[in-house]
Amino acid sequence: MKEILSAAVKQDEKAIVFYPCSDPGYNGIIKAINKFKNNKNIKIFKSIEFPIFLTLLENCSFLIGNSSAGIIEAPYFYTPFINIGLRQAGRERGNNVIDCEPNKTKILKTIDKI
């Protein structure tokens, strides 16, 4: 998460960040998110209502992370999904999915490609 948010800050992107579900390691992700809580371009939410999430997903430039929303909901809106890590490995996926290593430089290159 630190690499993702560092890339967003470097790109001067406006980012909406959601806390993770309670999968193993979620506390570390929350700690990484909270290090960026004072950044003017990053808005952090613990949760959000699903219809609002879908509206954001429809209108954003891209989705980044390891959420199943990038595999399931994002293709409906043709929203590019930068998939970080292996959590979604082996799942059927649409053309919107771009796999990327959790490395700031590679994330920035993928953002530029989108």
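Before any of the text, the structure's been laid out above.
Residues numbered from 1 in each chain as written. Predicted model: local features only at pLDDT ≥ 70, side-chain atom pairs only at ≥ 80, totals over all residues. Heavy atoms only, no water.

## Some thoughts on helix α5 (residues 104-113)
Within an α-helix, residues lying three or four positions from one another point in the same direction, as the helix has 3.6 residues per turn. Taken together, the buried positions of α5 are I107, L108, T110 and I111. Take α5 and look down its axis: the buried residues cluster within an arc of 160 degrees, on one side only. Facing away from the buried side of α5 by over 90 degrees, the exposed positions are K109, D112 and K113. Looking at the packing, one finds that the buried side of α5 touches α1 (2-11), β3 (63-65), β4 (81-84) and β5 (97-100). For α5, the side-chain oxygen to backbone nitrogen distance between the N-cap and T105 is 3.0 Å, and the N-cap itself is N103. (Buried < 20%, exposed > 50% of the residue type's maximum accessible area, 1.4 Å probe, protein only. Helix = DSSP H or I, 4+ residues; strand = E, 2+ residues; numbered from the N terminus. Arc of directions from axis to C-beta. Contact = heavy atoms within 4.5 Å. Polar contact = N/O pair within 3.5 Å; in protein donor to acceptor, adjacent residues only side chain to side chain.)

## What about helix α2 (residues 26-34)?
Among the residues of α2, I30, A32 and I33 are the ones counted as buried. Buried residues of α2 fall within an arc of 160 degrees about the axis and therefore sit on the same side. Taken together, the buried residues of α2 touch α1, β1 (15-18) and β2 (42-45).

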